[in-house]
Amino acid sequence: MMKTIGYATDSPTSALEPFNFERRDPRPEDVVIDILYCGICHSDIHSARNEWGWTQYPFVPGHEIVGRVSAVGDKVGQFKPGDLVGVGCLVDSCRHCESCEEGLEQYCENGFTGTYGGEDKIGGTPHPFTFGGYSNQITVDERFVLRIPENLDPAAAAPLLCAGITTYSPLRHWKVGPGQKVGVIGLGGLGHMGVKFAHAMGAHVVMITTSPEKGADAQKLGADEVLLSTDEVAMQAAQNSFDFLLNTIPVGHNVDPYMALLKRDTTMVIVGAVEALTRVDGIPFIFRRRSLAGSLIGGLPETQEMLDFCGEHDITCDIETIVIKDVNTAYDRTVKGDVKYRFVIDMASLQPEAA
């Protein structure tokens, strides 16, 4: 087994601290990655603090991983040492259900293995669950490794592995493109990527926000218009005018005012709220045959497509880079919304003596 250093927490109320553990030695299908950068996702915080009720400790977060290949197994054909690669939210799945066979591993009917906190079906370590990317290295089956375009800033590319694909996947699935008016609701880690992607896809992009300041930021990111959801007159005037809505609001909320913005036979997709919506009335759906849908991340083929799209259009996340000893402060700032728009840990700051 490979000695590994990282940062972990031992309980819902403990800080993240240096932690020594072991990764499995590479199997014939495995890729060993020296981690350069790892993004901080809000899911890391929910999980570290056991706010969803499933966390096992010790717990190493991190599923927005970018690094360089340091070794490969004998049967690996796609990667070689030195390649710039990424690992996102999953490191395994059943591989044989209908969803997996269609390249939609995120919807694996038997449950995918999360990059952290998942049941380790491969084994080879003392721990029955997976450890994430707040560490100096990781071993992953090549099927779940992605190629990062070399023209992208590797630090700013890290959040593409979660925030990027979370917003790209629904835009692609619902065929967003030129001639469409697309609303992105909420400007944060997800919303700022939704604006960038919808703009690059050729849509007319409207940032829908409660904050004029965020509206100004959204226009710098590529939004064509800003609609203040607190302006009842403007919201009324915008009813029945949108072809698609990407809703990134991270908490429960009343969806009715947003549903009223949609044209007939169009869709709003929820990607942010992982708690109960506070109000959903049937009339906005029935009288315009509108749809409300949800979307997770993407499968491995779509995630690679997204990364290639980013390479072609020079799209990355807006980030603030930190050293790993500041990770607990970054967690608190993320919860307060005090970041534009993702924190990324520079793993060069993770020294062996720290653990």
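Thresholds applied
Residues numbered from 1 in each chain as written. Predicted model: local features only at pLDDT ≥ 70, side-chain atom pairs only at ≥ 80, totals over all residues. Heavy atoms only, no water. Helix = DSSP H or I, 4+ residues; strand = E, 2+ residues; numbered from the N terminus. Buried < 20%, exposed > 50% of the residue type's maximum accessible area, 1.4 Å probe, protein only. Pairing = 2+ DSSP bridges. Expected span 1.5 Å × (residues − 1). Contact = heavy atoms within 4.5 Å. Phe/Tyr/Trp six-rings, centres within 6.5 Å; stacked < 30°, edge-to-face > 60°. Lys NZ or Arg CZ within 6 Å of the ring centre and 35° of its normal. Arc of directions from axis to C-beta. Axes fitted to C-alpha atoms, helices over the stretch in contact; angles between N-to-C directions. Parallel < 35°, antiparallel > 145°, perpendicular 65-115°, else oblique. Nonpolar A, V, L, I, M, F, W, Y, C, P; charged D, E, K, R; others polar. Patch = residues over 30% accessible without salt bridge, like charges linked within 9 Å, V, L, I, M, F, W, Y side chains within 5 Å. Areas by Shrake-Rupley, 256 points an atom, 1.4 Å probe, with all protein chains shown as cover. Salt bridge = Lys/Arg side-chain N within 4 Å of Asp/Glu carboxyl O. Core = buried A, V, L, I, M, F, W, Y, C linked by side-chain atoms within 4.5 Å. Polar contact = N/O pair within 3.5 Å; in protein donor to acceptor, adjacent residues only side chain to side chain.

Concerning the environment of Ile-122
Among the secondary structure elements, Ile-122 is positioned in the loop between strand E7 (113–114) and strand E8 (137–141). Classification of Ile-122 by relative accessible area gives partly exposed; the value is 26%. Residues Ile-122 and Thr-248 lie 126 residues apart in sequence; the distance between their C-alpha atoms is 34 Å.

Looking at the pairing of strand E14 (residues 262–270)
Pairing of strand E13 (residues 242–247) with E14, which is carried by five bridges, proceeds in the parallel orientation. Its bridge partner lying in E14, Phe-242 is registered against Leu-262. Note: E14 against strand E15 (residues 291–294), four bridges, orientation parallel. Bridged to Thr-267 within E15 is Ser-291.

Overview of helix H10 (residues 300–313)
Its 14 residues give H10 an end-to-end C-alpha distance of 20 Å, which sits within 8% of 20 Å, the value for a rise of 1.5 Å per residue. Where the residues of H10 are buried, they touch strand E6 (90–92), strand E9 (146–147), helix H4 (163–173) and helix H5 (191–200). Just beyond H10, the residue with positive phi is Asp-314, at close to 55 degrees.

Comments concerning the packing of aromatic side chains
For the coordinates displayed, the defined rule picks out 11 aromatic pairs. Measuring from centroid to centroid gives 5.6 Å for Phe-19 and Phe-131, while their planes differ by 90 degrees, and the two rings are edge-to-face. Of this pair, Phe-19 sits in strand E2 (residues 17–23) while Phe-131 sits in the loop between E7 and E8, and the two are 112 residues apart along the sequence. Linked through ring pairs, Phe-19, Phe-21, Phe-129 and Phe-131 together constitute an aromatic cluster. The cationic tip of Lys-181 hangs over the ring face of Phe-242; the distance from NZ or CZ to the ring centre is 4.5 Å.

Things to note about unusual backbone geometry
Peptide bonds are trans in most cases, and residues, glycine excluded, mostly fall at negative phi. With an omega of 0 degrees, the peptide bond between Tyr-57 and Pro-58 qualifies as cis. Tracing the backbone shows Pro-58 in the loop between helix H1 (42–48) and strand E4 (65–72). Each neighbour pair has its own omega, and for Lys-340 with Tyr-341 the value is -5 degrees, a cis peptide bond. Positive phi, normally seen in glycine, also occurs at Asn-240, with a value near 60 degrees. Its location among the elements puts Asn-240 in the loop between helix H7 (232–237) and E13. Even without being glycine, Asp-265 reaches a positive phi, approximately 60 degrees. Following the sequence through the fold, Asp-265 ends up in strand E14.

Here we look at helix H6 (residues 212–221)
For H6, the set of buried residues is Gly-215, Asp-217, Ala-218 and Leu-221. What you see down the axis of H6 is that its buried residues fit within an arc of 160 degrees, all on one side. Relative to its buried face, H6 has exposed residues pointing more than 90 degrees away, namely Glu-213 and Lys-220. In this fold, the buried residues of H6 make contact with H5, strand E11 (204–209) and strand E12 (225–228). Gly-222 sits one or two positions beyond H6 and adopts a positive phi of about 130 degrees.

Re the packing of H4 against H10
Where H4 contacts H10, the axes come no closer than 10 Å and their chain directions differ by 100 degrees. Between H4 and H10, the angle falls in the class roughly perpendicular. Note on element contacts: H10 touches H4 through Glu-302, Thr-303, Glu-305, Met-306 and Phe-309, opposite Gly-164, Ile-165, Tyr-168, Ser-169 and Arg-172. Split into classes, the residues belonging to the contact of H4 with H10 amount to four nonpolar, three polar and three charged.

Observations regarding a nonpolar patch on the surface
Among the surface-exposed residues, Trp-52, Trp-54 and Val-274 lie close enough to one another that they form a single nonpolar patch of about 300 Å² accessible area. Among the secondary structure elements, Trp-54 is positioned in the loop between H1 and E4.

Quick notes on the nonpolar core
Ranked by size, the top nonpolar core spans 89 residues in total, and within it Ile-40, Tyr-134, Leu-160 and Phe-197 carry the most contacts. Phe-197 has contacts with Leu-160, Gly-164, Thr-167, Tyr-168, Leu-171, Met-306, Phe-309, Cys-310 and Ile-315, leaving out every residue within four places of it along the chain.

Observations concerning the environment of Asp-243
Summarising the element assignment, Asp-243 is placed in strand E13. In sequence terms Asp-243 and Asp-332 are 89 residues apart; their C-alpha atoms lie 36 Å from each other. Engagement of the side chain of Asp-243 in a polar contact is seen with the backbone nitrogen of Lys-181, the distance being 2.7 Å. Side-chain polar atoms of Asp-243 contact the side chain of Lys-263, separated by 3.0 Å.

As far as function goes, none of this settles anything; it's purely spatial.
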